[in-house]
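# Secondary and tertiary structure notes
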Amino acid sequence: MPSARNLTSRVLVPEKLSPDGLALLGGSLEVDERKGLSADELLEIIPEYDGLVVRSETKVTAELLHAAKRLKVVARAGVGVDNVDVGEATKLGIVVVNSPSGNIGAAAEHTIALMMAMARKIPEGCSSLKEGKWERSKFVGVEVKGKTLSIIGLGKGMLFDLRFGLTVARLAKGLGMHVNALDPYAPPALAASASVTLVSSLSELLASADFLTIHTPLIASTKGMISTSELSQMKPGARILNVARGGTIDEAALFEALESGHLAGAAIDVFTSEPPAPDSTAAKLISHPRTVATPHLGASTVEAQENVSIDVCEQVLQILDGSLPRSAVNAPLILPEEYSKLQPFVRLVERMGSLYTQHYASSAGGSMTRNTFDLVYHGEVANISNTRPLFAALIKGLMAPISSSDGVNINIVNADLVARERGIIVNEQHSRDPADHSYSSLVTLVARPPSRASSRAPGESAPSSTRLETQGQRIISGTCSGDQPLINRLGRFETSFVPEGTLMICENYDSPGKIGVVGSILGREGVNINFMTVAPVSKKFSGDGAGLADGPGQKKGDIEKEALMILGIDKVVERGVADALVKEGGVLSATAVCLI
């Protein structure tokens, strides 16, 4: 069933998308398919949309992103994101996703097809035959069996396109070729699984190549990586292919290597500028008699278009529904098994952060007076190495109640940047001593006073929750029961409540009739109580000073008589209601908290 969030979300699709992808989005979102928009038209309407799905033609510029006040996700139906300003999207908290694997098979097959076409001079022979000629002796080619295919970018690493080069390698092995590869990030076992020989240097790879193919993204370190010097290291008569990203090969240098006869051929599917200008170097390269060229057809199969469309549309649905991104190019990769374990804790930690800001910061004078926090993971959740989504959830929870963040959506994409800008320090700790609690997983948030900031050395094991040095600190702990978040500690009080909806949190002396007085005052204000949880000071926590009242003259015996009331109420209340509870009801403090 679509969530309430999805029902109000709008997605713009300015380029062709598969019918199944559109149907998937349309099942729970409002989808506008508007092809042929000019840059100005797109800029004018983008503020109305929560999601944008593009292919390669639409330029998602910084100007467009700043105009997109509601935008949460940009989805590129394909591998590369050269047409998206990823850096600016990151600053704005906009998730950029792609489909790193949906068109791998198609692109790999196109690479082999171009290699065979180049080796056997198929385009020239076809053109000659269509002109009515029969020139068999003119188009003598070479066999690929026994030749060496050298691959830059095998795959499965941070630098290279996932599994693209590896898939090409396996297809080439099926043709009886020897395959070498250069990829500093590829595990040796990965290469061995495809009978590929890893080499240690680009020079060694170039010298061995009868055919050279490149499968890297276009980043600073790969732009122009094959130029005059590199081409000169290849064997005379070698051939080169690029079905990855335009710009990795210096087009002018490649043209000269073909003109001189040093290279016997080039097969190119991608170009620095697409489409190439009529009088550009790319255009000259395309028209060269030793070049086989196609207009970026690597992913142009029915199956690939379907795969990438469905893949990115599924991610758009997940992100607009508040789930973690699966293939975000500007966020850490989250493994599927970690994804399923983290999702309920993301909601928990976000609400813990919001609860801290609304309850503790409110009672301290209306602002977040502490900026150094420990986020301690106990039990099973402590075994998850990638906890960046939890860090991001905490920053979002802390900031949301007190700031609109200038329209920035705080999430895993930009949480680090927001934290640095706001001076928030979070020390994530994985507890080595889970024996002090009875939960399979527990998360503890500790707000440290400035004098105790960063008191533990980096990497030092977190102490157990009963041994935290907490004088003057604020502590909230929580767990998850299935997908349901639960708060089980709030300061000195051991409790159990679901952090959602509108809550009234009251600290008071545990005396007869107090519940009735509080209920009477809320009733007078037209506030209905949906549920109530009452908890005395816990003996486990009362001695650690967590959340002690800041007023002078409070004695330990008074503290031990205190109790906590958490009331679920049916509407947001004015500050005056909390003041009335303190003044008329005799409670020590009262705060209204809204957790969405």
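As annotated in an unreviewed UniProt entry, the protein carries the name D-3-phosphoglycerate dehydrogenase and comes from Aspergillus wentii DTO 134E9. What UniProt states about the protein under its Subunit (unreviewed entry) heading is, verbatim, "Homotetramer." Turning to the protein, the UniProt annotation filed under Sequence similarities (unreviewed entry) states: "Belongs to the D-isomer specific 2-hydroxyacid dehydrogenase family."

### Focus: the packing of aromatic side chains
Scanning the entire structure with this criterion turns up two aromatic pairs. Between Y356 and Y360 the ring centres are 5.9 Å apart and the planes differ by 45°, which places this aromatic pair in the tilted class. In this pair, Y356 and Y360 are both assigned in helix α15 (residues 336–363), four residues apart and thus about one turn of the helix distant. With a relative accessible area of 2%, Y356 lands in the buried category. Classification of Y360 by relative accessible area gives buried; the value is 5%. Judged by centre distance (5.4 Å) and plane angle (85°), the ring pair of Y356 and F373 falls under edge-to-face. A residue pair is termed long-range when its members are at least 10 positions apart, and Y356 in helix α15 and F373 in strand β13 (residues 372–379) qualify at 17 residues. The exposure classification of Y356 matches that of F373, with both residues buried. Among the aromatic residues, those joined into a cluster by ring pairs are Y356, Y360 and F373.

### Remarks on the sheet that holds strand β18 (residues 493–497)
Pairing within the open sheet is mixed, and its six strands lie in the order β14-β13-β15-β16-β17-β18. Each end of this open sheet is capped by a strand with a single partner; those strands are β14 (425–430) and β18. Strand after strand, the sheet turns through a mean of 20° between neighbouring axes, direction not considered. Sheet topology note: the strand β15 (residues 441–448)/strand β16 (residues 474–481) ladder contains five bridges and is antiparallel. Looking at β16, one finds that V443 is bridged to G478.

### A word on empty space enclosed by the protein
It is a probe the size of a water molecule, rolled over the atoms, that shows where empty space is left. Taken as a whole and judged by the stated rule, the model has one cavity of 30 Å³ or more. Approximately 60 Å³ is the volume found for the largest cavity. N242, G246, G247, I249, E251, L254, I268, V270, F271, T272 and L285 are the residues that line the largest cavity. Taken together, the residues of the lining of the largest cavity sort by class into six nonpolar, four polar and one charged.

### Section: the sheet that holds strand β11 (residues 263–268)
Overall, parallel pairing links the seven strands, which are arranged β8-β7-β6-β9-β10-β11-β12 in an open sheet. Each edge of the open sheet is held by one strand with a lone partner, namely β8 (197–198) and β12 (291–293). Contacting β10 (238–242), β11 and β12, helix α12 (residues 251–259) runs over the sheet at an angle of about 140° to β11.

### Observations regarding the environment of R239
With respect to the helices and strands, R239 occurs in strand β10. C-alpha of R239 to C-alpha of A119: the two residues are 120 residues apart in sequence and 8.5 Å apart in space. Non-local contacts of R239, meaning those with residues more than four positions away in its chain, are made with M118, A119, V142, D210, F211, L212, M234, A264 and G265.

### Focus on the packing of helix α16 (residues 388–399) against helix α17 (residues 415–422)
Between α16 and α17, whose axes approach to 9 Å, the crossing angle comes to 45°. Judged on the interaxial angle alone, α17 and α16 are oblique. Judged by the sense of rotation from one axis to the other, the crossing of α16 with α17 is left-handed. Listed contacts from α17 to R388, F391, A392, I395 and M399 of α16 are A415, D416, V418, A419 and R422. Residues that form the contact of α16 with α17 fall into these classes: seven nonpolar, no polar and three charged.

### So, a negative patch on the surface
On the surface, a cluster of negative charge is made up of D40, E41, E44 and E63. Considering every element that reaches the negative patch, the biggest residue donor is helix α3 (residues 39–45), with three residues. Here E41 is to be found in helix α3.

What counts and what doesn't
- Residues numbered from 1 in each chain as written.
- Predicted model: local features only at pLDDT ≥ 70, side-chain atom pairs only at ≥ 80, totals over all residues.
- Heavy atoms only, no water.
- UniProt positions renumbered as here; feature names shortened; annotations may be inferred.
- Phe/Tyr/Trp six-rings, centres within 6.5 Å; stacked < 30°, edge-to-face > 60°.
- Helix = DSSP H or I, 4+ residues; strand = E, 2+ residues; numbered from the N terminus.
- Buried < 20%, exposed > 50% of the residue type's maximum accessible area, 1.4 Å probe, protein only.
- Pairing = 2+ DSSP bridges.
- Axes fitted to C-alpha atoms, helices over the stretch in contact; angles between N-to-C directions.
- 1 Å grid on protein atoms, 1.4 Å probe; cavity = no way out; pocket = protein on both sides within 12 Å on 5 of 7 lines; lining within 4 Å.
- Points joined across faces, edges and corners; volume = space filled by probe spheres on them.
- Nonpolar A, V, L, I, M, F, W, Y, C, P; charged D, E, K, R; others polar.
- Contact = heavy atoms within 4.5 Å.
- Parallel < 35°, antiparallel > 145°, perpendicular 65-115°, else oblique.
- Left-handed = near helix turned anticlockwise from the far one by under 90°.
- Patch = residues over 30% accessible without salt bridge, like charges linked within 9 Å, V, L, I, M, F, W, Y side chains within 5 Å.
- Areas by Shrake-Rupley, 256 points an atom, 1.4 Å probe, with all protein chains shown as cover.
- Salt bridge = Lys/Arg side-chain N within 4 Å of Asp/Glu carboxyl O.
- Lys, Arg positive; Asp, Glu negative; His and termini not counted.
- Charge placed at Lys NZ, Arg CZ, Asp CG, Glu CD.

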